[in-house]
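Breakdown of the fold
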Amino acid sequence: MTIRFKLILGLCLILGLLSLGMAGVFFTLILPGVEDIERRSCFVDLMRVEQAIQQELRRIQQSSREWGQWDDSYHYAATLNPDYEANNLTVNWLTDLKLNLLAIVGADGQLLVSRFSHPEHTLTEPLVMETLGATDVESRLRDGGIGLVKSPAGVLLLASSRILPTKGQGPSRGTFYFGRLIDDDFIRELSEQLHLPVRLISEKPALPELRFEALSENQSLSQMGVPLLNAGGDDLYIHLQQERPYYQQMLASARYYMAAIFLAGLFASLVAYIFLQHVLVRPILVLKAEAERFSDAHKSIYFKHSTTQDEIGQLAHAFEEMAERVIEGRLLLERERKKFEHDSLTDPLTGLGNRRYQEQALAMDRESHSGASRLFIMIDLDHFKQVNDRYGHDVGDGVLQQMAKLLEQCSRGQDILARSGGEEFSLFCAGIDAGSASSIAKRICQETAAHLFGDQDIRLHLTCSVGFALCPQCGADTQNAECDARLLKLADLALYQAKAQGRNTWVGYRLQPEISDCRVPVSEAALHDAVITGAVVSFGPESGNWVTVP
């Protein structure tokens, strides 16, 4: 995961958390507050409906008082004068008063007269008496009062007044009742008056007295119960199912503001990304690229361009110092590695290569001189042990150093010269023909014998013995490490033969072309058999030519 992707992910996370935070605040704090305001508003509407009902009850009560405390009504309650009914209790009289029920009950509790006017419902005198004679209704309305009464025709707004003379003096001759049925017309009138979708239903109070319920984002239902006088537990419930303008407006505003805040946050995140990309990500990526280039080129100059004074600039400066120390350390390690490699491949006394150097040099030569002839020469100083015993090892070391320089003079620059051990040296020459092999061996013997070894105090005349092995045509089956090792062994056997012949001489062996698969003799018995069969040709300084040695 790249740092740029991490930055984008972090900004998206911040933006997401901001959105979640706004949504959380909105849905846990703002919306519940709006719903509470809406609930209180709906309860106020319910109270308005209840007050409108109470106002209608007071209007009906006022009408009942006007008719109940009237001399004609007072006289009718005593005489039941038919003229009173004919003149006052006409057909449209209740409709004009916006009433549906008239009932006059005498002081003895007997129904004197009743009228019920409604196009859809009927209420006979027995039913009227049954409704008005209920214990709760009679006790509440007998002496004048108002209330809601449940009748077979429906719920009535009922008001009563004692029947008295106009001046209100004298004994009461009964009770005058006016009632209005809660029907569709009344509900429609109430809705138009209050501008509310009112529904009035009589049912048992299975719900709290005040209840608010959100049906959806667009509709809410609020309910309120008004007790009835004679319902035996039923109440008149006011239902208001109406629009939720505040809630919808708040939702629309919240969506708008949340979208605006989200876009603002997105824009701020984009600006922050560009800023952080410029001041943070880009310098880090540049620093990373410089570190990668440094790992390839190992140059501290890649960290020198940053001039900022912040933590990234300090980091670049620290990288620069670290790179310089790494380069110094690498140079030191490289020098130490080369020194260790040189020491591991060099004889510390003579400065020539050692056996390990010889093996590596031969391996490289096999790759670069495929098919060329290969000459291996072994040189050994005669009676060198006597020099150490007689003159000391310091003189012997000087002799070995002088012998190494002499052999360097007798060899070519591309030849492989090494000290094999003690007073023994080895020389490898590639591309040497048969005539040059004996010349090289002869020259080494002559140069050694003619050289004056030692220092100003000690002068020594020494000789050497030389043995070599020549493979004139080396194919793929004979040009390998195993075959070179066998040729070295054959040159060592030739050196042994030279020492056996009295030292200060040389002996050489040449392989015939039919020798393959590196079947080079490496023991005296195998060499003897190879010479007899002609597979190996031996020669020395006595003949000067290649001769077969029986």
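What counts, and where the lines are drawn
Residues numbered from 1 in each chain as written. Predicted model: local features only at pLDDT ≥ 70, side-chain atom pairs only at ≥ 80, totals over all residues. Heavy atoms only, no water. Helix = DSSP H or I, 4+ residues; strand = E, 2+ residues; numbered from the N terminus. Buried < 20%, exposed > 50% of the residue type's maximum accessible area, 1.4 Å probe, protein only. Contact = heavy atoms within 4.5 Å. Areas by Shrake-Rupley, 256 points an atom, 1.4 Å probe, with all protein chains shown as cover. Axes fitted to C-alpha atoms, helices over the stretch in contact; angles between N-to-C directions. Parallel < 35°, antiparallel > 145°, perpendicular 65-115°, else oblique. Left-handed = near helix turned anticlockwise from the far one by under 90°. Nonpolar A, V, L, I, M, F, W, Y, C, P; charged D, E, K, R; others polar. Phe/Tyr/Trp six-rings, centres within 6.5 Å; stacked < 30°, edge-to-face > 60°. Pairing = 2+ DSSP bridges.

1. Examining the overall build of the protein chain
A tally of regular secondary structure across the protein chain gives 15 helices and 17 strands. Taken along the three principal axes of its C-alpha coordinates, the protein chain extends 190 × 60 × 35 Å. Out of the 550 residues belonging to the protein chain, those deemed buried represent 41%. Of the contacts formed within the protein chain by residues at least 6 apart in sequence, a portion of 65% connects residues at least 24 apart. Surface exposure of the protein chain reaches about 29700 Å², of which carbon and sulfur atoms provide 54%.

2. Thoughts on the packing of helix α10 (residues 355–368) against helix α14 (residues 481–500)
Direction vectors running N to C along α10 and α14 enclose 125 degrees, while the axes themselves pass 11 Å from each other. If you check the angle between α10 and α14, you find them oblique. The interaxial crossing formed by α10 with α14 has right-handed handedness. Mapping the contact onto sequence places Gln-358, Leu-362 and Arg-366 in α10 and Ala-481, Asp-484 and Leu-488 in α14. Across the contact of α10 with α14, the residue classes tally to 3 nonpolar, 1 polar and 2 charged.

3. What about the packing of aromatic side chains?
For the coordinates displayed, the defined rule picks out 13 aromatic pairs. With a centroid separation of 5.7 Å and an interplanar angle of 55 degrees, the aromatic rings of Trp-93 and Phe-178 are classed as tilted. Placement of the pair is Trp-93 in helix α4 (residues 93–96) and Phe-178 in strand β5 (residues 174–181), with a sequence separation of 85 residues. With respect to burial, Trp-93 and Phe-178 carry one shared label: buried.

4. As for the environment of Asp-45
For Asp-45, the position within the fold is in helix α1 (residues 3–68). For Asp-45, a relative accessible area of 11% translates into the label buried. With 195 residues separating them in the primary sequence, Asp-45 and Leu-240 have C-alpha atoms 8.2 Å apart. Apart from residues no more than four positions distant in its own chain, Asp-45 is found in contact with Leu-196, Leu-240 and Gln-242.

5. Examining the packing of helix α11 (residues 384–391) against helix α12 (residues 393–410)
Look at α11 against α12: their axes get within 7 Å of each other, and the N-to-C directions meet at 140 degrees. It follows that α11 is oblique to α12 by the angle criterion. Residues Phe-384, Val-387, Asn-388 and Tyr-391 of α11 form the contact with α12, whose own contacting residues are His-393, Asp-394, Val-395, Gly-396, Val-399 and Leu-400. Counted by class, the contact of α11 with α12 contains 6 nonpolar, 3 polar and 1 charged residues.

6. Considering the pairing of strand β16 (residues 506–511)
Of all 6 residues that make up β16, 6 are buried, and the element is covered over most of its length. Of the two faces of β16, the one carrying Trp-506, Gly-508 and Arg-510 and the one carrying Val-507, Tyr-509 and Leu-511 are both buried. Relative to β16, strand β15 (residues 464–471) is paired through 5 bridges, and the arrangement is parallel. Bridging across to β16, Gly-467 finds its partner in Val-507.

7. A look at unusual backbone geometry
Only a minority of non-glycine residues have a phi that is not negative, and only a minority of peptide bonds are not trans. For His-195, which is not glycine, the phi torsion reads 60 degrees and is therefore positive. Within the element layout of this structure, His-195 appears in the loop between α7 (184–194) and β6 (198–203). Classification of His-195 by relative accessible area gives exposed; the value is 70%. Positive phi is not limited to glycine here, since His-383 has a value of about 55 degrees. On the secondary structure map, His-383 appears in the loop between β10 (374–381) and α11.

Just geometry here; none of it tells us what the structure is for.
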